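A closer look at the structure
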Amino acid sequence: MTKLMHELLDDFVCQGQAAVPAGRRLGKVAVEVLPAGKAILKLERETQADLAIEVLLRLAATIRRGTATADDHNYRQLHKILAQALFRKKLSFDHPGILRLAEAATTFKKHYLWQMPVGLVIGQFESYVERNQLPADLRSALTPLAETVRDLVRLESPDQRKLLHRLEDLLAEVKEDDSPLPAPGEAWADSLLAWLSALPASAASSWHHLLAHCRRATSAQPPEKWLRTAEEIVEKIGTEEFRLLAGRILSRIGEPRSRPPRDDPHAEPTLIGEADS
């Protein structure tokens with residue numbers, strides 16, 4: 001984060017503390033009421049993402065500092081208010097940034113975890129994974145956070161259980177039979193599989209992501225959030241490439257199968273190695 005961003009954050013805290021009479025504790029305040037807060041909310045999403053991580057780190061540091069005095073309380077409160085305002089936004093994290101966010105979130109130990117906006121932070125991870133899948137290093141970085149939430153969750157707290165379930169869903173391992181790829185045999189499926197096998201790994205990964213996302217659609221009219229994510233994945237693939245492959249696949253629907261279904265009781269047995277010959 002640049003020196004200018006550090007100064008902007010410092011200005012926000014100073015302006016917030018100056019707005020409270022000496023010895024008084026700060027309650028709620030709108031971020032945009034303060035000049036520095038208004039400037040922060042106008043920053044680019046990428047810059048806001050970096051700033052949000054710094055706010056979390058400073059907020060975690062207040063745990064060691066304590067809140068014995070009104071000034072200490074107000075310092076922590078201002079960071080909590082700014083964290084909530086920033087994480088409510090759809091921030092733009094790249095891969096190194098989302099890893100830094102996970103590391104910042106895991107600095108909150110035990111019951112101090114609830115000092116940060118846990119649900120809003122988890123939402124940032126969910127949005128990232130929807131667009132980019134879950135890389136192994138992010139899974140490893142998020143596992144300690146899930147363990148902390150699991151240790152803290154009280155059975156009588158439905159809201160806390162929901163947070164844990166969201167993290168567990170995010171970290172759930174993908175099983176082999178959950179592969180988004182269709183089984184070979186249908187002409188359209190053979191065409192798709194042949195296309196994907198010829199692509200570089202990075203390009204094929206985006207197609208796998210799109211196919212996995214399509215499997216999550218549970219109705220003929222998916223929600224707006226699903227459509228937005230689908231559009232983002234298609235943009236990563238390339239609109240023209242998507243149209244080309246989609247047209248090729250759709251043109252082959254209804255053609256005769258290249259092999260009978262695996263569960264067809266009338267299908268002749270396939271010898272080992274015959275399917276690949």
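These remarks concern the structure in this document. Only a predicted model underlies this, so the values are computations on that prediction, with no experimental measurement involved. Throughout, residues of each chain are indexed from 1 in the direction in which the sequence is written. In keeping with the predicted nature of the model, local features appear solely for residues at pLDDT of at least 70, side-chain atom pairs appear and are counted solely at 80 or more, and the whole-chain, interface and lining totals rest on all residues. Excluding hydrogens and water, the side-chain values take into account all heavy atoms of the structure.

Focus on the overall build of the protein chain
Every helix listed is a DSSP run of H or I at least four residues long, and every strand listed is a run of E at least two residues long, numbered separately from the N terminus. Within the protein chain, the regular secondary structure consists of 12 helices and zero strands. When its helices and strands are written in sequence order, the protein chain yields α-α-α-α-α-α-α-α-α-α-α-α. Whether a residue is buried, partly exposed or exposed follows from its accessible area with a 1.4 Å probe, protein chains only, as a fraction of its type maximum: under 20%, in between, or over 50%, in that order. Sorting the 277 residues of the protein chain into buried and exposed places 39% on the buried side. The contact rule is simple, with two residues in contact once any of their heavy atoms fall within 4.5 Å. Here the analysis covers contacts within the protein chain between residues at least 6 apart in sequence; of these, 71% occur between residues at least 24 apart.

Side note on the side chain of His79
Inspection of the secondary structure puts His79 in helix 4 (residues 70-87). Contacts of His79, omitting those with residues within four sequence positions, involve Val13, Val55, Arg58 and Leu59.

Quick word on the pattern of salt bridges
Any carboxyl oxygen of Asp or Glu that lies within 4 Å of a side-chain nitrogen of Lys or Arg is treated as forming a salt bridge with it. Across all of its chains, the model carries nine salt bridges by this definition. For Glu186, the salt bridge identified is with Arg257, shortest N-O distance 3.1 Å. Of this pair, Glu186 sits in the loop between helix 8 (158-171) and helix 9 (187-197) while Arg257 sits in the segment after helix 12 (239-251), placing them 71 residues apart in sequence. Taken together, the shared-partner salt bridges in this structure form one network comprising Asp10, Glu54 and Arg58.

Brief notes about the environment of His165
Within the secondary structure, His165 sits in helix 8. Through-space distance from the C-alpha of His165 to that of Ala146 is 9.4 Å; in sequence the pair is 19 residues apart.

Overview of the packing of helix 7 (residues 136-152) against helix 8
Working note: a packed helix pair is described by the angle between its axes plus the distance between those axes. At a minimum axis separation of 10 Å, helix 7 and helix 8 run at an interaxial angle of 155°. The orientation of helix 7 relative to helix 8 falls into the category roughly antiparallel. Between helix 7 and helix 8 the crossing geometry is left-handed. When helix 7 is examined against helix 8, the residues Arg139, Leu142, Thr143, Leu145, Ala146, Val149, Arg150 and Leu152 are found in contact with a partner set consisting of Gln160, Leu164, Leu167, Glu168, Leu170 and Leu171. Here the residues of the contact of helix 7 with helix 8 sort into nine nonpolar, two polar and three charged. Only the stretch in contact is used when fitting a helix axis, every axis being a line fitted to C-alpha atoms; angles between N-to-C directions are given from 0 to 180 degrees. Each angle gets one of four labels, with under 35 degrees taken as roughly parallel, over 145 as roughly antiparallel, 65 to 115 as roughly perpendicular, and the rest as oblique. In this scheme the crossing of two helices becomes right-handed for a clockwise turn of the near helix relative to the far one and left-handed for an anticlockwise turn of less than a right angle. For this classification, the nonpolar set comprises Ala, Val, Leu, Ile, Met, Phe, Trp, Tyr, Cys and Pro, the charged set comprises Asp, Glu, Lys and Arg, and every other residue, Gly included, is treated as polar.

Describing the side chain of Asn74
One can find Asn74 in helix 4. Discounting chain neighbours no more than four positions away, the residues touching Asn74 are Gln17, Val20, Arg24, Arg25 and Leu26.

Quick look at helix 7
By this rule the span expected of a helix is its residue count minus one, scaled by 1.5 Å. Taking 1.5 Å per residue, 17 residues should reach 24 Å; helix 7 reaches 25 Å between its end C-alpha atoms and fits that length. The bend at a residue is defined as the angle formed between two axes, one fitted to the seven residues ending at that residue and one fitted to the seven starting there. Its axis deflected by about 30° at Leu142, helix 7 carries its strongest bend there, up to four residues before the proline Pro144. Listed as buried for helix 7 are Leu138, Arg139, Ala141, Leu142, Leu145, Ala146, Thr148, Val149 and Leu152. The inward-facing, buried residues of helix 7 contact helix 5 (95-105), helix 6 (118-132) and helix 8.

Section: the nonpolar core
Only buried Ala, Val, Leu, Ile, Met, Phe, Trp, Tyr and Cys residues count toward a nonpolar core, and they belong to the same one when joined by side-chain atoms within 4.5 Å. Phe12, Phe87, Leu101, Met116, Phe125, Leu138 and Leu145 are the most contacted members of the largest nonpolar core, which has 59 residues in total. Of all the secondary-structure elements, those providing two or more residues to this core are helix 1 (3-18), helix 2 (35-41), helix 3 (45-65), helix 4, helix 5, helix 6, helix 7 and helix 8. With nine residues, helix 3 is the largest single contributor of residues to this core. Once you skip the residues sitting within four places of it in the chain, Leu145 turns out to touch Ala105, Thr106, Leu113, Met116, Phe125 and Leu167. Core analysis: the next-biggest nonpolar cluster, separate from the first, contains 11 residues, Leu210, Val234, Ile237 and Leu245 among them.

Describing the environment of Gly119
Looking at the element boundaries, Gly119 is found in helix 6. A sequence separation of 41 residues divides Gly119 from Gln160, and the C-alpha atoms of the two residues are 9.1 Å apart.

Observations concerning unusual backbone geometry
A positive phi angle is found at Lys110, which is not glycine, with a value near 50°. Along the chain, the position of Lys110 falls in the loop between helix 5 and helix 6.

Side note on the packing of helix 1 against helix 4
In the contact formed by helix 1 and helix 4, the axes pass within 10 Å of each other and the chain directions differ by 125°. By the criterion of interaxial angle, the relationship of helix 1 to helix 4 is oblique. The handedness of the crossing between helix 1 and helix 4 is right-handed. Each of Leu9, Phe12, Val13, Gly16 and Gln17 in helix 1 lies in contact with helix 4, whose residues at this interface are Asp71, Asn74, Tyr75, Leu78, His79 and Leu82. When grouped by side-chain class, the residues that make up the contact of helix 1 with helix 4 number six nonpolar, four polar and one charged.

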